[in-house]
Amino acid sequence: MPAALSVRDLCIEARTAAGTVAILHGATLEIAAGEIVGIVGESGSGKTTLVRSVIGLLDRNVRVVSGSIAVHEATIIEGRVDRTREVRGKHVGLIFQDVTRSLNPLFKVSSQLREVLDRHRPELTDDQARHVMEDVLRRMLIADVDRVLDAYPHELSGGMCQRVAIALAIVAGPALLLADECTTALDVTTQAEVVALLRELVTGRDLGLAFVTHDLALAADLCDRIAVMRDGRILELRATGELLAEPREPYTRDLLAAVPAWAQPATAEAVRAGEPARAERTATGPR
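Residues numbered from 1 in each chain as written. Predicted model: local features only at pLDDT ≥ 70, side-chain atom pairs only at ≥ 80, totals over all residues. Heavy atoms only, no water.

(A) Main features of the sheet that holds strand β9 (residues 208-213). Within the open sheet, the 6 strands sit side by side as β7-β8-β9-β3-β10-β11. Their pairing is mixed. Strand pairing shows two members of the sheet lacking a second neighbour, β7 (92-95) and β11 (233-239), which therefore form its edges. When the angles between neighbouring strand axes are averaged without regard to direction, this sheet yields 15°. Its contacts with the sheet place helix α6 (residues 158-170) against β7 and β8 (176-180), and it is angled at close to 165° to β7. (Pairing = 2+ DSSP bridges. Helix = DSSP H or I, 4+ residues; strand = E, 2+ residues; numbered from the N terminus. Axes fitted to C-alpha atoms, helices over the stretch in contact; angles between N-to-C directions. Contact = heavy atoms within 4.5 Å.)

Following this line, the structure appears as structure tokens:
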């Protein structure tokens, strides 16, 4: 099965008042279909730059210098080739950190979902589109589908708005989902619900998920593998249990040491003793 995402030796630079600055250095990353890969690191480490390059949403002063990106083996960035607009929304979905960037306050949920379908699945009839919208909201574990479809974003809770934002990202049936700090603004209970929902979306499906977060404990709970970034570089990319048990980089050890004791995903001693990381303990099936 082709990889949902393949990034090879990606280098990105930004033009600033002080001159040109390299902000991503030879990043290489692959996400298989049915796999969740966490991308962790402090603010400014390059996490968001990496995932947004996949869909061409970099700032105007930022550009890809070299390297390649492919989605389901179809090259979208390489040399002068840039097909990011062609895959955005249809093949690659993005969930923003700030839900207000995903939802337009002036339109009902049904109008916003329908707009995505009209753009990426124009062959659908009105009845078919309605069925798809209802189905995707049910997948978000929304019980009162008719009410939510007829609601404006301000009439919904923060957690419900985030579920609608995820629905917008997946309604066209993408092969890859990018979640950029999408749980940061949520309370702990809602965050747990959204994480469980993301896990369910990927489990048993041909969907790959890149989960960007500064929260190593959260990534450990959700992800199959974790990429640790610092200063625009991927320092290490390994299976979650291995990374927690034997971090190779001093920076990774510092990140683990910074996690509060009550939030520790798994201690190195526990993993060595045979207890898997929470990401493995809570899995509901093969991904």
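(B) Quick look at the layout of surface pockets. Put simply, the largest pocket is a space of about 700 Å³. R88, G89, F96, S102 and V116 are the residues nearest the centre of the largest pocket, which is lined by 25 residues in total. Put simply, the parts of the chain that give the lining of the largest pocket at least two residues each are β7, α3 (109-120) and α6. Here the lining of the largest pocket takes 6 residues from α3, the largest share from any one element. Class assignment of the residues belonging to the lining of the largest pocket gives a composition of 11 nonpolar, 7 polar and 7 charged. (1 Å grid on protein atoms, 1.4 Å probe; cavity = no way out; pocket = protein on both sides within 12 Å on 5 of 7 lines; lining within 4 Å. Points joined across faces, edges and corners; volume = space filled by probe spheres on them. Nonpolar A, V, L, I, M, F, W, Y, C, P; charged D, E, K, R; others polar.)

(C) The arrangement of the pairing of β9 in detail. Burial analysis of β9 places 6 of its 6 residues in the buried class, the great majority of the element. Alternating residues of β9 divide into G208, A210 and V212 and L209, F211 and T213, and every residue in both groups is buried. As paired elements, strand β3 (residues 36-40) and β9 share 5 bridges and run parallel to each other. Within the sheet, the bridge partner assigned to G38 lies in β9 and is F211. Bridge count between β8 and β9: 5 bridges; the pairing is parallel. When the sheet's bridge partners are listed, L178 is paired in β9 with A210. This β-α-β element, β8 to helix α7 (residues 188-202) to β9, shows right-handed connectivity. (Buried < 20%, exposed > 50% of the residue type's maximum accessible area, 1.4 Å probe, protein only. Right-handed = clockwise from strand over helix to strand, strands pointing away.)

(D) Representation of the packing of α6 against α7 in the model. Where α6 meets α7, the axes come as close as 10 Å, and the angle between the chain directions of the two elements is 20°. As summarised for this structure, α6 and α7 are arranged roughly parallel, according to the angle between their axes. Here the hand of the crossing between α6 and α7 comes out right-handed. Every residue of α7 that contacts α6 at G159, Q162, R163, I166 and I170 is listed here: T190, E193, V194, L197, L198 and L201. Looking at the contact of α6 with α7 residue by residue, the class counts come to 6 nonpolar, 3 polar and 2 charged. (Parallel < 35°, antiparallel > 145°, perpendicular 65-115°, else oblique. Left-handed = near helix turned anticlockwise from the far one by under 90°.)

(E) Fine view of the nonpolar core. Judged by nonpolar contacts, the single largest core of 61 residues is most densely connected at L113, L137, L198 and F211. It is α6 that provides the largest number of residues to this core, a total of 9 residues. When residues no more than four places from it in sequence are discounted, the contact partners of L198 are I95, I166, L177, C182, L209 and F211. Residues A4, A14, I76 and A227 belong to the second largest nonpolar core, which totals 31 residues. (Core = buried A, V, L, I, M, F, W, Y, C linked by side-chain atoms within 4.5 Å.)

(F) Representation of the sheet that holds strand β4 (residues 62-71). One open sheet holds the 5 strands; their spatial order is β2-β1-β4-β5-β6, and the pairing between them is antiparallel. A single partner strand is all that each edge strand has here, and the edge strands are β2 (19-31) and β6 (81-82). Taken together, the 2 bridges between strand β5 (residues 74-78) and β6 define a ladder with antiparallel strand orientation. Looking across to β6, one finds that E78 is bridged to V81.

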